[in-house]
Amino acid sequence: MSEEIPFSQELRLATREGHDRAQESAYIVALLAGDLSQAGYAALAVQHYFIYDALESAATAMREDPVAGPFVIDALRRMPGLVDDLEALLGPDWRARIRPAAATAEYVDRVAAVSGESTRFVAHQYTRYLGDIAGGQVIRNRLRTQHGIRARFYDFDELGPAPVFRDKYRALLDSAPWSAAQRADLISEAQVAFELNTAVFEELAEDLDRYLVA
Ligand code: HEM
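How each quantity is defined
- Residues numbered from 1 in each chain as written.
- Predicted model: local features only at pLDDT ≥ 70, side-chain atom pairs only at ≥ 80, totals over all residues.
- Heavy atoms only, no water.
- Near = heavy atom within 4 Å.
- Polar contact = N/O pair within 3.5 Å; in protein donor to acceptor, adjacent residues only side chain to side chain.
- Helix = DSSP H or I, 4+ residues; strand = E, 2+ residues; numbered from the N terminus.
- Nonpolar A, V, L, I, M, F, W, Y, C, P; charged D, E, K, R; others polar.
- Donors = N, O, S within 2.8 Å, 3.2 Å for Na, K, Ca; no water.
- UniProt positions renumbered as here; feature names shortened; annotations may be inferred.
- Buried < 20%, exposed > 50% of the residue type's maximum accessible area, 1.4 Å probe, protein only.
- Contact = heavy atoms within 4.5 Å.
- Expected span 1.5 Å × (residues − 1).
- Salt bridge = Lys/Arg side-chain N within 4 Å of Asp/Glu carboxyl O.
- Phe/Tyr/Trp six-rings, centres within 6.5 Å; stacked < 30°, edge-to-face > 60°.
- Core = buried A, V, L, I, M, F, W, Y, C linked by side-chain atoms within 4.5 Å.

Named according to an unreviewed UniProt entry, the protein is Heme oxygenase originating from Actinokineospora alba.

This is the structure we're talking about:
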């Protein structure tokens, strides 16, 4: 691809179509339209639990990696907030009541299988965390205004202003010492990550009628 644009921009452009498919999936559209009940949102939070367990276990393993290490940023960790959210949404016995969807299990397997490589590890982190910081804030506002839920999962206050963080993250992407082949590999894994997310949303949409507000 062109060397004139920074790698972070190349990544963004190469995942735009996948982004739009994820964003336009029926479950996400219903969530943003205010059509989902609190239980409907809880179904997504449950799937996040399995996904972030895999992402953040990979982060712990990659913390000392010379290339991936700088991408392991503690304020990004979603698991502590997610655990609080699940307890609030589902009650104290939530752990016994949750199961991964088939698409989630596939996503988790993929993260576990590829995250020992700095490129693919970063592809998965990028796809989720930058999304949570951007579009996730729209979901956060929707949950707050519609259901009065304070979803800690979407609370990035500790990270400081989002635009400043995004610039820092893009600078990390642009300065990592990846070869052209490794950069291509990261891009293709990010495309896979978007499709894995869309597959989770599609599986959630199969039960959409149970998740609609009464
Ligand atoms: C809920 C619906 C969504 C909305 C409204 C939304 C909106 C946005 C917006 C406005 C940006 C641009 C932010 C900026 O450049 O300053 C963005 C970026 C991003 N979104 Fe989403 N998004 C949504 C869903 C998702 C999903 C489901 C994912 C992935 C699972 C995702 C992943 C990303 C990523 C990785 C970026 C960063 C792109 C980059 O700057 O490199 N988004 N989103």
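Turning our attention to the site of the ligand. Around the ligand, the structure places 19 residues, and the nearest of them are Arg12, His19, Tyr126, Arg166 and Arg170. The side chain of Arg12 places a nitrogen or oxygen atom 2.8 Å from an oxygen atom of the ligand. With respect to the ligand, the side chain of His19 contributes an N or O atom lying 2.9 Å from a nitrogen atom. Within the residue set of the shell around the ligand, elements represented by two or more residues are helix H2 (16–23), helix H3 (26–33), helix H8 (118–133), helix H9 (135–147), helix H10 (162–175) and helix H11 (180–205). The greatest single-element share of the shell around the ligand, amounting to 5 residues, is contributed by H8. Tallied by class, residues from the shell around the ligand come to 9 nonpolar, 6 polar and 4 charged.

Once that is clear, we can look at the coordination of the iron atom of the ligand. Looking at the protein side alone, the iron atom of the ligand has one donor only, His19 (NE2), at 2.1 Å. Within the fold, His19 resides in helix H2.

Further remarks concern the UniProt feature "binding site: heme b" (unreviewed entry) in the protein. Under the UniProt annotation, "binding site: heme b" (unreviewed entry) lies at Arg12, His19, Tyr126 and Arg170. Residue class for His19 comes out partly exposed when judged on its relative accessible area of 36%. With residues near it in sequence (within four places) discarded, Tyr126 still touches Leu11, Arg12, Thr15, Gly131, Tyr169, Leu173 and Ala190.

Let's shift gears to H11. Each turn of an α-helix holds 3.6 residues, which means side chains three or four residues apart point in the same direction. Taking 1.5 Å of rise per residue, the 26 residues of H11 would be expected to cover 38 Å, and the 38 Å separating its terminal C-alpha atoms lies within 8% of that figure. The set of residues buried in H11 consists of Leu186, Ile187, Glu189, Ala190, Ala193, Phe194, Leu196, Asn197, Thr198, Val200, Phe201 and Leu204.

A few words now on the environment of Ala199. Along the chain, Ala199 turns up in helix H11. On the basis of relative accessibility, which here comes to 28%, the residue Ala199 falls in the partly exposed class. Separated by 94 residues in the primary sequence, Ala199 and Ala105 place their C-alpha atoms 11 Å from one another.

Locating Val29 in the fold gives a position in helix H3. On the basis of relative accessibility, which here comes to 43%, the residue Val29 falls in the partly exposed class. Dropping the residues within four chain positions of it, Val29 is found in contact with Gln23 and Glu24.

Scanning the entire structure with this criterion turns up 13 salt bridges. For Arg210, the salt bridge goes to Asp207, with nearest N and O atoms at 3.4 Å. Overall, Arg210 belongs to the exposed group, its relative accessible area being 58%. Look at the salt bridges and you will find they share partners, linking Arg110, Glu117, Arg120, Asp185 and Glu189 into a network.

Throughout the structure, instances matching the rule amount to 10 aromatic pairs. Between Tyr49 and Trp94 the ring centres are 5.2 Å apart and the planes differ by 80°, which places this aromatic pair in the edge-to-face class. A residue pair is termed long-range when its members are at least 10 positions apart, and Tyr49 in helix H4 (residues 38–62) and Trp94 in helix H6 (residues 94–97) qualify at 45 residues. For the pair formed by Tyr49 and Trp94, the shared burial category is buried. A centroid spacing of 4.8 Å and a plane angle of 85° characterise the contact between Phe153 and Tyr154, whose relative ring orientation is edge-to-face. Residue classification places Phe153 among the buried positions, given a relative accessible area of 0%.

Moving on, we come to the nonpolar core. Counting 69 residues, the largest nonpolar core has Tyr27, Tyr41, Tyr49 and Leu173 as its most contacted members. Here this core takes 15 residues from H4, the largest share from any one element. Leaving out residues up to four positions away in the same chain, Leu173 has contacts with Phe7, Ser8, Leu11, Phe71, Val122, Tyr126, Trp178 and Arg183.

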